[in-house]
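Here is what each chain is made of, one letter per residue.
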Amino acid sequence: MDAAELKAYEELQPIHPDPASFLRRYVFSLDHKVIAKQFLWSGLIFLLVGGTLAMMIRWQWAYPGQPVPVLGSLLLKNSNGVIGPATYMTVFTMHGLIMIFFAITPILIGAFGNYCIPLMIGARDMAFPFLNLASFWTFALSLVLVICSFFGQLGAAGAGWTTYPPLSTNIGTPGNGQTFMVAAIFVTGVSSIMGGINYVTTVIRHRAPGMGYFRMPLTVWGLWLTAILNVLFVPVLGSAALLLFLDRVFGTQFFIAGAAAVKGGGDPILFQHLFWIFGHPEVYILILPAWGIVSDILSFFSRKPANWYRGSVYAMCLVTVLSAVVYGHHMFMTGMNPLLGQSFMLLTLIISVPAEVLFLNWLRTIWSGSIRTDPPMLFALGMVFVFGLGGLTGLYLGATVPDIYLHDTMFVVGHFHLTMAAASFMGSLAAIYYWFPKMFGRTMSPGLGKLHFWWSVVLITLVFTGQLIAGYAGQSRRLYDPYQYSFLQHLRPLNQYTSYAAFILLAGQFVFIYNFIHSMAAGPKASDNPWSVGTLEWFTTSPPPHHNFDRVPVVLRGPHEFADPEVRERLGRDWIGQAEVLPDAAALPATSRGA
Amino acid sequence: MSAQAATVLPYRPPRARNDATAFLGLLLFLGSWAMMFSALFFAYGVVRAHAGSWPPEGTPRLPLLLPGLNTLVIGASSLVLQRALASARAGRTAQVRPAVMGATALGLVFLAAQGLLWSRLWSEGLRIDGGPYPSVFWALTVFHALHVLVGLGGLAYLASRSAGYGPARHLALRLWTGFWHFVGAVWLVLYLAVFVI
């Protein structure tokens, strides 16, 4: 690479001076690292809100109709602490929507997408810094709408996270809580699209010299494919939310049918199509970043190159493509031409092939590696475990015949919580423990991290396998009081044990909250490269300067260069940076040649 | 070392490079919008396929002539704007601003004609809450008109911008032209799908 070429790269992303004012620096910042932290904080706070709502659901399934301890006296004063049927609807609806759109999405995509993509491809910022700022503040507006929904007339949104009409129209859920939530989904969708466009463009245009697509860390691959899905499919959710909003506010009749429609009438099933055309890509939007992050971390902490790197890339690309053509498996029970149902079943089951490639690559990456059991690695392994459980239970639901029995049972709830909740949660925590030293320049306590891991992985497995068993025994999801059905009464002890596990799981998260906040304020200072890893973000200071890199790095090799005998001979370590020049053998003094 | 570096970057000035990046961003935005409008047209198709008769009996028919002429207006506006972009590229900077103003004026004519159409149909009794047929008409045309409004804001900014245009200085013009063509193309599909068929 000659000087003129390097100059072109430097000119492309010039170093801007650090912003001086407080507002420009911390509030309306254009810096992708600051915006990432804004997304991280919002996501973590709403994760706690969503988790609290989950505890209320678990209380209801263990002790239906009894006053909720602690939370009941705070939040449910009007009903003496008891969750009433209408309140129960709003609790599980808000739990689902908050967790998906306002907790996992901002943490995995908003925070780590923003933080990792420019640093890992050697860029000084996103391609469109102002769009990035707009994306966060649009997201903040949607958070305001969510909070408004909690104070809506007749309570918050209560039509389930899927928001199916006719329940979600004015007939099923009158009151503006539902309307606020539909608006919040639209607005957060706009934010996701803005972020997605930024990520896609940044990866295409701002990779450092030498950073070919097949030298990008798998984290970047996962986030990039996620961004592509966001750009293409979030608008479809946007259209569904828009039409539902018009139905609710302006009296259009897109989704209202039957006796409720005065002249003609729309089609409630139309909403299901629009929702799941988006909804199935969405589940991969939530898991692809975690797949990428875990693929990298497993390699870094096994001190081995990732097994069949290109295979993992191809598998993730194939999953991305297939995710667009399988949505019908959510509608087997809606009523569908059997031939169409079989086609969707076939396509759905084909997804397990690339997923299996990824899974085997993870196992072969850690096979006979020198495994370091730091918290990021533990959480990555935990993600592999819970995702394995979630993936296997998905086979039952993807095939039409068992789905007829299992549809709308707690088995479905257990399945998608193991994949979307448990696996994304484990992936997010792996990412937080892994990049914390880079983000905040300090180190988290590894002992508390390990305690947090074992506490979480055991209990999260118990919670969601408990749901699988209840569902297999026939318990429908979303029941206010399952024990009104005599055939479910014997499940009371199972549901109670599952609820205890959930309560203890939540209690364990306070270990993390303490560790996170305490380490940020008073943890030991982190070195620039505490994990001895070769990707670009570890070759700048911790935390990185405003412009990330003083000089644009020139990338020479892939992200997982471990255990190379030549590197060991010349540098005396088992890893080498992506942009690090390996010294010539001849230039080394004779003694260090490892005679 | 250079053998290992995969990318070879032929020298182009940073401004041209950043322009190309911005244009890629616009294309992605338009792809996203196209998905949104596709979903809306899909919704229209499903609602219409389920309806017994379209339009339902006793409902005023949508006129063809006024929106048809309007299609020509917004098409002409796109052509004039393309002309402005070509002038900027060729360095005929004095011709850029009048052309942008012409395109803006035609856009305003389009919106005014839409307003006329709306008020006429409203007085004929085509209300937004009168069933699926008016739902489709009002939702699609108003949502499209909001995009036209955004585009007009962009064009007004282009016309009022104090900085001149030149062969290397027309990024904003290029981006808004792309957006304006998109809005026009969506109108063409909308006219054919909702009014003609």
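What counts, and at which threshold
- Residues numbered from 1 in each chain as written.
- Chains lettered and ligands numbered in written order.
- Predicted model: local features only at pLDDT ≥ 70, side-chain atom pairs only at ≥ 80, totals over all residues.
- Helix = DSSP H or I, 4+ residues; strand = E, 2+ residues; numbered from the N terminus.
- Rg over C-alpha atoms; globule rule 2.2 N^0.38 Å.
- Buried ≥ 20, exposed ≤ 12 C-beta atoms within 10 Å, placed from the backbone.
- Core = buried A, V, L, I, M, F, W, Y, C linked by C-beta atoms within 7 Å.
- Expected span 1.5 Å × (residues − 1).
- Contact = placed C-beta atoms within 7 Å.
- Nonpolar A, V, L, I, M, F, W, Y, C, P; charged D, E, K, R; others polar.
- Axes fitted to C-alpha atoms, helices over the stretch in contact; angles between N-to-C directions.
- Parallel < 35°, antiparallel > 145°, perpendicular 65-115°, else oblique.
- Left-handed = near helix turned anticlockwise from the far one by under 90°.
- pLDDT = per-residue confidence, 0-100.

1. Re the overall build of chain B
- Within chain B, the regular secondary structure consists of five helices and zero strands.
- Start at the N end of chain B and walk to the C end: the helices and strands fall as α-α-α-α-α.
- Its C-alpha atoms give chain B a radius of gyration of 21 Å, more than 25% over the compact-globule value 16 Å for 197 residues.
- Structurally, chain B occupies a C-alpha span of about 75 × 45 × 20 Å along its principal axes.
- In chain B, which comprises 197 residues, the share counted as buried stands at 32%.

2. Quick look at the overall build of chain A
- Looking only at helices and strands, one finds 18 helices and zero strands in chain A.
- Taking the principal axes of its C-alpha atoms as reference, chain A extends roughly 85 × 55 × 45 Å.
- Within chain A, the fraction of its 595 residues that count as buried is 54%.

3. A look at the nonpolar core
- In terms of nonpolar packing, the biggest core is built from 220 residues, with Val294(A), Met383(A) and Ala430(A) touching the most fellow members.
- A total of 24 residues in this core trace back to one element, the largest contributor, which is helix H5 (residues 85-121) of chain A.

4. Digging into helix H2 (residues 65-90) of chain B
All names here are of chain B.
- For H2, spanning 26 residues, the distance from its first C-alpha to its last is 37 Å, which sits close to the expected 38 Å at 1.5 Å a residue.
- Listed in full, the buried residues belonging to H2 are Pro67, Asn70, Val73, Ile74, Ser77, Ser78, Val80, Leu81, Ala84, Ser87 and Ala88.
- Looking at the buried residues of H2, the elements they touch are helix H3 (96-123) and helix H5 (171-196).
- Just downstream of H2 lies Gly91, where phi reads positive at about 85°.

5. Focus: the environment of Leu79(B)
- Of note, Leu79(B) is situated in helix H2.
- Taking C-alpha positions, Leu79(B) is 8.8 Å from His181(B), a pair spaced 102 residues apart along the chain.

6. Side note on the interface of chain A and chain B
- Facing the 42 residues of chain A at the interface are 36 residues of chain B.
- Put simply, the parts of the chain that give the side of chain A that touches chain B at least two residues each are helix H1 (3-12), helix H7 (176-205), helix H8 (218-249) and helix H9 (268-302) of chain A.
- Ranked by the residues each element gives to the side of chain A that touches chain B, the list is headed by H8(A), at eight residues.
- Of the residues assigned to the side of chain A that touches chain B, the class counts are 26 nonpolar, 11 polar and five charged.

7. Focus on the packing of H8(A) against helix H1 (residues 14-50) of chain B
- Their axes nearest at 8 Å, the elements H8(A) and H1(B) cross at an angle of 40°. Relative to H1(B), the element H8(A) is oriented oblique. Of the two elements, H8(A) crosses H1(B), and the hand of that crossing is right-handed. Contacts from Val231(A), Leu232(A), Pro235(A), Val236(A), Gly238(A), Ser239(A) and Leu243(A) of H8(A) reach H1(B) at Leu28(B), Gly31(B), Ser32(B), Trp33(B), Met35(B), Met36(B), Ala39(B), Leu40(B) and Ala43(B).
- Split by residue class, the contact of H8(A) with H1(B) holds 12 nonpolar, four polar and no charged.

8. A closer look at the packing of H5(A) against H7(A)
Residues and elements named next belong to chain A.
- The interhelical angle for the contact between H5 and H7, taken along N-to-C directions, is 15°, at an axis separation of 11 Å. By the criterion of interaxial angle, the relationship of H5 to H7 is roughly parallel. With respect to the hand of their crossing, H5 and H7 are arranged in left-handed fashion. Where H5 abuts H7, its residues Thr90, Leu97, Phe101, Thr105, Ile109, Gly110, Gly113, Ile117, Pro118 and Ile121 lie against Gly177, Met181, Ile185, Thr188, Ser192, Gly195, Tyr199, Thr202 and Val203.

9. Re H3(B)
Residue and element names in this part refer to chain B.
- Its 28 residues place the ends of H3 41 Å apart at the C-alpha level, agreeing with the 40 Å of an ideal helix rising 1.5 Å per residue.
- Burial in H3 covers these residues: Val96, Ala99, Val100, Ala103, Thr104, Leu106, Gly107, Phe110 and Gln114.
- Taken together, the buried residues of H3 touch H2 and helix H4 (132-160).
- Once H3 finishes, Gly125 follows within two positions and takes phi at roughly 100°, a positive value.

10. Side note on the confidence of the model for chain B
Residue and element names in this part refer to chain B.
- Of all residues in chain B, 93% have pLDDT values of 70 or greater, and the mean over the chain is 90.
- Low confidence marks residues 1-6, where pLDDT is under 50. Its contacts with residues over four positions away, or in another chain, come to 11 contacts.
- Across the whole predicted complex the pTM is 0.94, and at the interface the ipTM reaches 0.93.

11. Comments concerning unusual backbone geometry
- Looking along the chain, the bond that leaves Ser542(A) and enters Pro543(A) is cis, with omega of -10°.
- Note on placement: Pro543(A) falls in the loop between helix H17 (492-522) and helix H18 (565-571).
- A cis amide bond links Trp54(B) to the next residue, Pro55(B), at an omega of 0°.
- Following the sequence through the fold, Pro55(B) ends up in the loop between H1 and H2.
- A positive phi angle, near 55°, is found at Thr163(A), a position not held by glycine.
- Tracing the chain through its elements places Thr163(A) in the loop between helix H6 (129-150) and H7.

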